[in-house]
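Chain by chain, the residues run as shown.
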Amino acid sequence: MNSKPEQPESQSGEIEFSSFDELSAYLDGELDEKQTQEVENRLGSDSKYLAELQSLQKTWDLLDTLPVQEPGGSFTKTTMELIVGDAVNTAKNRRKRTLFLGRVAIMILLPVVFFATAYGVVRRLKSDPDRRLIENLSVIENFSKYEVVDCDLEFLERIRNIDFFQKPTVIVVNGSEMEVAYEDDIADSIPIDSVQRAEYVKALDVEKKISLKGKFEDFEVKSESDRKRYIDFDLELQARGNRQQLRSTLNGFYDWLTELELSERSGLQDLPQNERLAEIRAIRVRQAQNELGKKSLVNLPSKEDVPFLMGWCESIFQLKERQLRDRFPLVLEQAMRQKKIGSVPPTSVLLEKSRVENLNSIIGFLLREDRQFVEDLIFEGDALFGLYDILSLNARKQLDSRSEAEQRSRILDWVDAVNQSQQGTSLEDLKKFEMELSSKVRDRLQKMSSEKYRETLEWMYEESRKSQISSQSWWEQQIEKTLDPN
Amino acid sequence: MSVSESSLQKASKYELLDPDVRLMLQVREGSAAAFEALVEKHQKRLVMVLEHLVSDRTQAEDLAQDVFLRVYRARERYVPTAKFSTWLYTITHNVASNSIRKSSRRKEINLVTSPSGSMPVRPLDTMAKDKSNLMPTRLADQKEMEKVIRDAIQSLGPRQRMAMLLSKYEGMSYNEIAESMELTTQAVKSLLSRARGNLKELLAPYLNSGKSARELEREEGEAS
């Protein structure tokens, strides 16, 4: 046995040290093309060199026989506890340091001011009849949501990670920097300082004061343990660095839960958190798939991919909104000229329409009339890469097996499906639309069954939007024909 | 109020390429769930690597927690300049090196008081003796074979061992290993070559014969 294994030439008698390095690097795939060629040439002609390579490879493979043990079952739990403990200690130490420095400063510089201010604060709070309301203002504003959502913060974090419910409202482009603004939450406007909070409550208008009073009364009738639970949840939420995203998730999750059937919602709440998360995911995926499925489009991605695809599309639509709106009047004008649909309105009207029109409607129109523009817009930059990043392996494989043009076309179909699914008609829009109809058509509609009435109204609404013109007489004729084919 | 958020346009190369980097960025933003996901994902291999480095399972788990704790403490300063695993194993390398240094100091003291105490990194000739002792009498099953392999890995110097573990079990490139261990790629190439040579020599009897440890044992007995 050789006692100097770092010099393999003495072992084999023929393989020099530098070649040994090369062989090792060759096995690791770390040689460049030329070096690889040199090694392979020698392997073809030097049987000892080849034997050495095989021996090294076998040794390396032997290491695979070692089993890899799982860490103890509680490893993750204890690690997380360790981290939470550490975070608490760090926060305490910070607080201690801050308190110490603050005390020194106050003791040295401002003792009189301190006592006067403290006295004032205590006196004002004590004299305020709604002291408990003021103290718990944030939780009183929100506990009804906490009650429905009924989860701890860790669960909320996990929901946030699924990214189903967090909805950024605006994307602000500031130079090359991008920022996402989240929906303002009432909790963000509540001052932390108790004196300022009292002022805040006093400044509320009558309607808000009444609403707050009602919430306060609801809160007061809760059991003490429930109140404590909501207060702790609220405090912990406020202390999180990402509280804004969490609140956005909480609001989205709350809205979603309240739209569920009561039985479905209570069924969810009865599940343990892990199973609840899986069930939420399953329901959300089913809903998203149904939304797309309604449009009867072919070639939809798999169920698992749908919510992520929808999220990606929403981001892309928001990112590209300006270009889409800029393009819309040009294509609309061109389409009207080519198809000779009514008289082309003046530029100012077209521009105004592009400003106020629903974005999904604009995208739908451009997808029909100027698909190439939408395609170029969507695939510019890293957008496609971003899409690949969120799709499942199966979906990526499906795309990879196609030519680039086919891939683009498929993705554009998906975008179209998502866009159409988002063009759902609200009742408010329908009512407004109905009011614009002639009395003759309205009468016809009123005589239908409620189901048929809604279905027909939605169809008329969609048709009118697709035409992108406001020529009442034209589509009234169409509707008349549809309602009375004979 | 608005918050900065990485987007498709400004996302760095690593953010786009490495899902773990994206999780770590969520950790930076305060997500405990993202951190838990990282722990779940890396704990198994991290503990395994550490176990090979410090030769003690319990200590390896403690050190792995220390590594994760350091990752968490560094979250606010985290900027993705490499793959997450490269960064994780840089910390691991430092944590393990410190531990081995401490343990080595303790064992040096032990050597004075107890002659039977072993060095933290066993020289190859000791390893070779152990091996010859193992062969005829004790190698009987897969467990024994595993022990031979573990001992062979233990016989490597700490740096060779670390480079070997990162290459073999983490699939890292020489560049990534160099970054994790703060070495040049040439040094990594050399370390891995030597590690391979050492392992090959120590494990040669089990490779060349093509026989199991049990068969080798029987033959050894018959010959004597």
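Let us look at the structure shown here. (Residues numbered from 1 in each chain as written. Chains lettered and ligands numbered in written order. Predicted model: local features only at pLDDT ≥ 70, side-chain atom pairs only at ≥ 80, totals over all residues. Heavy atoms only, no water.)

1. Thoughts on the overall build of chain B
Each helix and strand in chain B was counted, giving 11 helices and one strand. In chain B, which comprises 224 residues, the share counted as buried stands at 52%. Sequence-distant contacts, at least 24 apart, represent 63% of the contacts inside chain B between residues at least 6 apart. When the accessible surface of chain B is split by element, carbon and sulfur atoms take 49% of a total near 10200 Å². (Helix = DSSP H or I, 4+ residues; strand = E, 2+ residues; numbered from the N terminus. Buried < 20%, exposed > 50% of the residue type's maximum accessible area, 1.4 Å probe, protein only. Contact = heavy atoms within 4.5 Å. Areas by Shrake-Rupley, 256 points an atom, 1.4 Å probe, with all protein chains shown as cover.)

2. Observations concerning the side chain of A:R240
Within the secondary structure layout, A:R240 lies in the loop between α13 (224-239) and α14 (243-259). Residue class for A:R240 comes out buried when judged on its relative accessible area of 13%.

3. So, the nonpolar core
B:F35, B:L50 and B:M164 are the most contacted members of the largest nonpolar core, which has 75 residues in total. A total of 12 residues in this core trace back to one element, the largest contributor, which is helix α3 (residues 32-54) of chain B. In contact with B:M164, not counting residues within four places along its chain, are A:W60, A:L63, B:I153, B:L156, B:Y169, B:L192, B:A195 and B:L199. (Core = buried A, V, L, I, M, F, W, Y, C linked by side-chain atoms within 4.5 Å.)

4. Considering the pattern of salt bridges
Here the structure, examined in full by the defined rule, presents 32 salt bridges over all chains. A:R327 is the partner of A:D370 in a salt bridge, and the nearest nitrogen-oxygen pair spans 2.7 Å. With A:D370 in the loop between α20 (359-369) and α21 (371-379) and A:R327 in helix α18 (residues 321-339), the pair connects residues that are 43 residues apart, well separated along the chain. Taking relative accessible area as the criterion, A:R327 reaches 29% and is therefore assigned partly exposed. Here B:E51 makes a salt bridge to B:R57, at a shortest N to O gap of 2.9 Å. Using a relative accessible area of 16% as the deciding quantity, one classes B:E51 as buried. Assessed through its relative accessible area of 18%, B:R57 is described here as buried. (Salt bridge = Lys/Arg side-chain N within 4 Å of Asp/Glu carboxyl O.)

5. Focus: the packing of aromatic side chains
If you walk through the whole model with that rule in mind, you get nine aromatic pairs over all chains. Where B:F35 meets B:F68, the ring centres are 6.4 Å apart and the plane angle is 85°; that geometry is what we call edge-to-face. Taken as a pair, B:F35 in helix α3 and B:F68 in helix α4 (residues 57-73) lie far apart in primary sequence, 33 residues in all. Exposure remark for B:F68: the relative accessible area of 1% places this residue in the buried category. Each ring, one from B:F35 and one from B:Y72, has its centre 4.9 Å from the other, and the planes form 65°; the classification is edge-to-face. Placement of B:F35 in helix α3 and of B:Y72 in helix α4 is noted, with a sequence separation of 37 residues between them. In this structure, B:F35 and B:Y72 share a single accessibility class: buried. Members of the aromatic cluster, joined through ring pairs, are A:F75, B:F35, B:F68 and B:Y72. The aromatic ring of A:Y254 is capped on one face by A:K145, whose charged end is 5.9 Å from the ring centroid. Just above the ring of B:Y72 sits the side chain of B:R75; from NZ or CZ to the centre is 4.0 Å. (Phe/Tyr/Trp six-rings, centres within 6.5 Å; stacked < 30°, edge-to-face > 60°. Lys NZ or Arg CZ within 6 Å of the ring centre and 35° of its normal.)

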